[in-house]
Amino acid sequence: MMLLAIEQGNTNTLFAVHDGDTWIAQWRAATDSTRTADEYAVWLSQLLHMAGLQFGVLDACIISSVVPQSIFNLRNLARRYLHVEPLVIGENAKLGIAVRIDKPSEAGADRLVNAIGAHIQYSGPLIVIDSGTATTFDVIAEDGGFEGGVIAPGINLSMEALHAAAAKLPRVAIQKPQQVIGKDTVGAMQSGVFWGYIALIEGLITRIKAEWPQPLTVIATGGVASLFHGASLAIDHFDPDLTIRGLLEIHRRNLGGA
């Protein structure tokens, strides 16, 4: 079976193809809630062709999106060009996971997919940090249950807000500064955002661990997680494939009637 997995965040959308054994292709596009199924198809068909593939070989599709207005078009992409009914997280996909928050329907699709992707790879209770438009910290119990967590503004969002709200502060690239004390405006901004986020991550990890009765393993994923690699001992593992691993597992569970 050739699976097309679509993981849509607020900023980027990932399209990945799994051939039953491994992920054989992955592409990213900027998330645009107005993009139609036909526009997706034109873009995706060219990338499939470059990878020696075509729509005809794709016979399954799973979609996770945090942009509700885009789901209609992504579902039509699967129906019209793959001729399959897609599994959609939050709609017709059975997750096989306990959601232990006050309002389970409010748990974001991306957070639940990450929980599953983390639980099948790592043992014991976990903290999953996903660095995207928002930075989320989610607690996964030893049995894989989703226990809730924390949502903070993402690092790029904070940098853009700083530039937009302060007339004299420029838009700068996010990178690890060589020292904490900045010697110019750009260096001071980079230090504040980068080391400020490290402090945010370490502080929230410490507070979450203080509330949880067992030791927690910390997993980081998401578009900017690699920026923090080696900058904090509070993060145990960096795992860029957490989400697509979760999508693959959900697809398998639904094939098995879970």
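Further up the page is the structure itself.
Residues numbered from 1 in each chain as written. Predicted model: local features only at pLDDT ≥ 70, side-chain atom pairs only at ≥ 80, totals over all residues. Heavy atoms only, no water.

A.B. asks: What's the story with the overall build of the protein chain in this structure? I'm lost.
C.D. replies: Counting secondary structure elements, the protein chain contains six helices and 10 strands. By principal-axis analysis of the C-alpha atoms, the protein chain measures approximately 55 × 45 × 30 Å. Within the protein chain, the proportion of its 258 residues that are buried is 48%. Taking the intrachain contacts of the protein chain between residues at least 6 apart in sequence as the baseline, contacts between residues at least 24 apart amount to 55%. Accessible surface for the protein chain amounts to roughly 12,600 Å². Of this, 53% is attributable to carbon and sulfur atoms. Put simply, the protein chain has 18 plus and 25 minus side-chain charges, and the middle of one group is 4 Å from the middle of the other. (Helix = DSSP H or I, 4+ residues; strand = E, 2+ residues; numbered from the N terminus. Buried < 20%, exposed > 50% of the residue type's maximum accessible area, 1.4 Å probe, protein only. Contact = heavy atoms within 4.5 Å. Areas by Shrake-Rupley, 256 points an atom, 1.4 Å probe, with all protein chains shown as cover. Lys, Arg positive; Asp, Glu negative; His and termini not counted. Charge placed at Lys NZ, Arg CZ, Asp CG, Glu CD.)

A.B. asks: Where do I start with the nonpolar core in this structure?
C.D. replies: Side chains that are nonpolar tend, in soluble globular proteins, to be buried together. By size, the foremost hydrophobic cluster in this structure holds 26 residues, and its most contacted members are Ile62, Ile89, Leu95, Phe146 and Ile250. Counting residues per element, this core draws most heavily on helix H3 (residues 109–119), which supplies six residues. Contact partners of Phe146, with chain neighbours within four places excluded, come to Ile97, Ala98, Val99, Arg100, Ile101, Ala107, Arg111, Leu112, Ala115, Asp138, Val139 and Ile140. (Core = buried A, V, L, I, M, F, W, Y, C linked by side-chain atoms within 4.5 Å.)

A.B. asks: Could you clarify how one ought to interpret helix H6 (residues 242–255) in this entry?
C.D. replies: In an α-helix there are 3.6 residues to a turn, and that puts residues three or four apart on one side. If you check H6, its first and last C-alpha atoms are 20 Å apart, about what 14 residues at 1.5 Å a residue would give, namely 20 Å. Judged by how many residues are buried, H6 sits mostly within the fold: 12 of 14 residues are covered. The complete set of buried residues in H6 reads Leu242, Thr243, Ile244, Arg245, Gly246, Leu247, Leu248, Glu249, Ile250, His251, Arg253 and Asn254. (Expected span 1.5 Å × (residues − 1).)

A.B. asks: Explain unusual backbone geometry to me, please; I cannot follow it from the model alone.
C.D. replies: Most of the time, phi is negative for any residue but glycine, and the peptide bond is trans. In the Ramachandran plot, His83 falls in the positive-phi region, its phi being about 60 degrees despite a non-glycine side chain. Inspection of the secondary structure assignment puts His83 in the loop between helix H2 (68–82) and strand E5 (87–88). Residue classification places His83 among the exposed positions, given a relative accessible area of 66%.

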